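Chain and residue survey
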Amino acid sequence: ALQIHERGALLRISGRALVAGLDPAVADRQRRQLISRLQGLGVPLNILAGSLSAPRPGRFIILLAEFEHSQQTFFSVGELGKPPEMLANEAAQTLM
């Protein structure tokens, strides 16, 4: 069985801020807020905004944090009435 006692130092963060059936500018707002919140960690960031087709509108964020000894994925889903920046803040806080 795999046993990791320490994840090691954070090396980089990549991710996607995505929308479905919404204005692509919403995904870009999420992306900009994520970068604003995560840039203080001092690691390379590769956060892209995008849109996809889906039967219903929605938005979400997927982040991948790469560490020396492991990787961890973080996933946040938007809710009706929650601003894109708040969703980005919650995703960033979960990672931090």
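My aim in this report is to walk through the structure given alongside it, one point at a time.

Definitions and limits used
Residues numbered from 1 in each chain as written. Predicted model: local features only at pLDDT ≥ 70, side-chain atom pairs only at ≥ 80, totals over all residues. Heavy atoms only, no water. Axes fitted to C-alpha atoms, helices over the stretch in contact; angles between N-to-C directions. Helix = DSSP H or I, 4+ residues; strand = E, 2+ residues; numbered from the N terminus. Left-handed = near helix turned anticlockwise from the far one by under 90°. Contact = heavy atoms within 4.5 Å. Nonpolar A, V, L, I, M, F, W, Y, C, P; charged D, E, K, R; others polar. Expected span 1.5 Å × (residues − 1). Buried < 20%, exposed > 50% of the residue type's maximum accessible area, 1.4 Å probe, protein only. Arc of directions from axis to C-beta.

With that settled, the discussion passes to the packing of helix 1 (residues 24-38) against helix 2 (residues 84-95). Viewed as axis vectors pointing N to C, helix 1 and helix 2 meet at an angle of 40 degrees, and their least axial separation amounts to 8 Å. In the packing of helix 1 onto helix 2, the handedness of the crossing is right-handed. On the side of helix 1, the interface is formed by Val26, Arg29, Gln30, Gln33, Leu34, Arg37 and Leu38, while helix 2 contributes Pro84, Glu85, Leu87, Ala88, Asn89, Ala91, Ala92, Gln93 and Leu95. Here the contact of helix 1 with helix 2 is composed, by residue class, of 9 nonpolar, 4 polar and 3 charged.

Our focus in this paragraph is the environment of Leu41. Note on placement: Leu41 falls in the loop between helix 1 and strand 2 (45-52). A C-alpha to C-alpha distance of 19 Å links Leu41 and Leu87, two positions 46 residues apart in sequence. Not counting the four nearest positions on each side in its chain, Leu41 is found in contact with Leu10, Ile13, Leu95 and Met96.

Let's shift gears to helix 2. Spanning 12 residues, helix 2 covers 17 Å between terminal C-alpha atoms, matching the ideal 16 Å at 1.5 Å per step. Where helix 2 is concerned, the buried positions are Pro84, Leu87, Ala88, Ala91, Ala92 and Leu95. Take helix 2 and look down its axis: the buried residues cluster within an arc of 135 degrees, on one side only. Where the residues of helix 2 are buried, they touch strand 1 (10-20), helix 1, strand 3 (58-67) and strand 4 (71-77).

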